[in-house]
Amino acid sequence: MKIHSSELECVAVKPAQYPAAGVPEIAFAGRSNVGKSSLLNLITGRKSLARVSGSPGKTRTINFYLCTGKDDSTDEPVSFRIVDLPGYGFAKVSKAESEKWGEMMESYLEHRDTLLKVVQLVDIRHKPSAQDVQMYEYLKYYGLDGIVVATKADKISNNERAKNIKLIRQTLGMNKGDTVIPVSALKKTGDAELLDVISSLLGK
Ligand code: GTP
Ligand code: MG
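The structure displayed is predicted, hence computed values, not measured ones.

Asks: Help me understand the overall build of the protein, please; the structure alone is not making it clear to me.
Replies: Scanning the protein for helices and strands turns up five helices and seven strands. Counted from the first residue to the last, the protein has its helices and strands arranged as β-β-α-β-β-α-β-α-β-α-β-α. Computed over C-alpha atoms, the radius of gyration of the protein comes to 16 Å, within 12% of the 17 Å expected from 2.2 N^0.38 for 204 residues, which places it in the range of a compact globule. For the protein, the C-alpha atoms occupy an extent of roughly 45 × 40 × 35 Å along the three principal directions. When the 204 residues of the protein are sorted by exposure, 47% land in the buried category. Taking as baseline every contact in the protein between residues at least 6 positions apart, the subset at least 24 positions apart corresponds to 75%. Each charge class in the protein was averaged separately, 29 positive and 24 negative side chains, and the resulting centres sit 8 Å apart.

Asks: Would you explain a negative patch on the surface in this entry?
Replies: Residues Asp-72, Asp-75, Glu-76, Glu-193 and Asp-196 make up a contiguous surface patch of negative charge. Inspection of the secondary structure assignment puts Asp-72 in the loop between β3 (62-70) and β4 (77-84). On the accessibility criterion, Asp-72 (58% relative accessible area) is exposed.

Asks: Before we go on, may I ask you to explain unusual backbone geometry in this structure?
Replies: Trans is the prevailing form of peptide bonds, just as negative phi is the prevailing case for residues other than glycine. We note that Asn-33 has phi near 80°; this positive angle belongs to a residue other than glycine. Given the relative accessible area of 44%, Asn-33 is considered partly exposed. Residues other than glycine seldom take positive phi values, yet Lys-188 does so here, at roughly 55°. Here Lys-188 lies in the loop between β7 (179-182) and α5 (191-203).

Asks: Would you mind showing me how to read the pattern of salt bridges here?
Replies: Where charged atoms from two side chains of opposite charge come close, those side chains can pair. Across all of its chains, the model carries seven salt bridges by this definition. One salt bridge connects Glu-99 with Lys-95, and the closest N-O pair in it is separated by 3.6 Å. Here Lys-95 and Glu-99 lie together in helix α2 (residues 95-111), a separation of four residues that amounts to about one turn. By relative accessible area, which is 44% here, Glu-99 ends up partly exposed. Its salt-bridge partner being Asp-123, residue Arg-125 comes within 2.8 Å of it at the nearest N-O pair.

Asks: What is the right way to look at α2 in this model?
Replies: One turn of the α-helix equals 3.6 residues, which is why residues spaced by three or four share an orientation. Between its first and last C-alpha, α2 extends 24 Å over 17 residues, near the 24 Å set by a 1.5 Å rise per residue. Looking at α2, one finds that the buried residues are Met-104, Met-105, Ser-107, Tyr-108 and Leu-109. Its buried side turned inward, α2 meets β1 (2-12), β2 (25-30), β3, β4, β5 (115-123) and α3 (130-141).

Asks: Hey, could you run me through the packing of aromatic side chains in this one?
Replies: Within a pair of aromatic rings, the relevant descriptors are the distance that separates the centres and the angle that separates the planes. Counted under the stated rule, the structure contains six aromatic pairs. Both rings, one in Tyr-138 and one in Tyr-142, keep their centres 5.6 Å apart while their planes meet at 75°; by these two values the pair is edge-to-face. For Tyr-142, a relative accessible area of 21% corresponds to the partly exposed category. Taken together through their ring pairs, the aromatic side chains of Tyr-18, Phe-64 and Tyr-108 make up a single cluster.

Asks: How should the side chain of Asp-71 be read in this particular structure?
Replies: Tracing the backbone through its elements, the reader meets Asp-71 in the loop between β3 and β4. One polar contact links the side chain of Asp-71 to the main-chain amide nitrogen of Thr-74, over a distance of 3.0 Å. A polar contact is formed between the side chain of Asp-71 and the side chain of Ser-199, at a distance of 3.4 Å. The residues touching Asp-71, leaving out its near neighbours within four places in the chain, are Glu-76, Val-78 and Ser-199.

Asks: Is there a simple way to think about the environment of Ala-185 in this case?
Replies: Counting through the fold element by element, Ala-185 comes out in the loop between β7 and α5. The residues touching Ala-185, leaving out its near neighbours within four places in the chain, are Ser-38 and Leu-42.

About the cut-offs
- Residues numbered from 1 in each chain as written.
- Chains lettered and ligands numbered in written order.
- Predicted model: local features only at pLDDT ≥ 70, side-chain atom pairs only at ≥ 80, totals over all residues.
- Heavy atoms only, no water.
- Helix = DSSP H or I, 4+ residues; strand = E, 2+ residues; numbered from the N terminus.
- Rg over C-alpha atoms; globule rule 2.2 N^0.38 Å.
- Buried < 20%, exposed > 50% of the residue type's maximum accessible area, 1.4 Å probe, protein only.
- Contact = heavy atoms within 4.5 Å.
- Lys, Arg positive; Asp, Glu negative; His and termini not counted.
- Charge placed at Lys NZ, Arg CZ, Asp CG, Glu CD.
- Patch = residues over 30% accessible without salt bridge, like charges linked within 9 Å, V, L, I, M, F, W, Y side chains within 5 Å.
- Areas by Shrake-Rupley, 256 points an atom, 1.4 Å probe, with all protein chains shown as cover.
- Salt bridge = Lys/Arg side-chain N within 4 Å of Asp/Glu carboxyl O.
- Expected span 1.5 Å × (residues − 1).
- Phe/Tyr/Trp six-rings, centres within 6.5 Å; stacked < 30°, edge-to-face > 60°.
- Polar contact = N/O pair within 3.5 Å; in protein donor to acceptor, adjacent residues only side chain to side chain.

So, to be careful, I would describe these as geometric facts and stop short of saying anything about function.
Listed below in structure tokens is the structure:
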């Protein structure tokens, strides 16, 4: 699948602000600075759909992007939303802020009927953090797990890549049929694989 058009449709901090349901949604979660905005720009082919930041932790809202793509095999148009979830794991965060984050995530993940799957992002260079593991457990609880993108794949060698993907699978406790897709926003690799996975999710 290729995404032809994408636009920011809605920025929300609570359910009353979400756009009307009816369009399938694929959400993206990960620690702050993992490369989420860069990934969204890569797959939508937009230079600055999502803001790439120098200072981590800027996205404190749920951002809904309305996208139109075309299925490779059927040539049929596909409409769906990409949902950019607020990042976690930045150091300087108050208890109140982290509670707000939790509430925001829970109310979206728990009640959104049109949510098909959450793609979790982890940095390919490191063993997933305790918070990454916690996030993945959370997704498992809601049955939204199974797809992980390993970001910044250009930063390590091919040898290391296979080794680190194995470590990611083990640390997150991923199942056999689950997918880890290495992606580099810098080299523009891995986006086609991710879009294929998204396309098959939308086809179901
Ligand atoms: P916040 O919204 O601030 O939480 O961050 P984010 O997860 O959206 O990450 P963002 O896309 O803003 O990228 C964070 C930093 O990592 C930026 O300096 C990017 O240029 C860099 N980065 C993102 N993706 C890649 C990649 O694939 N390769 C390399 N080398 N750098 C990357
Ligand atoms: Mg971002």
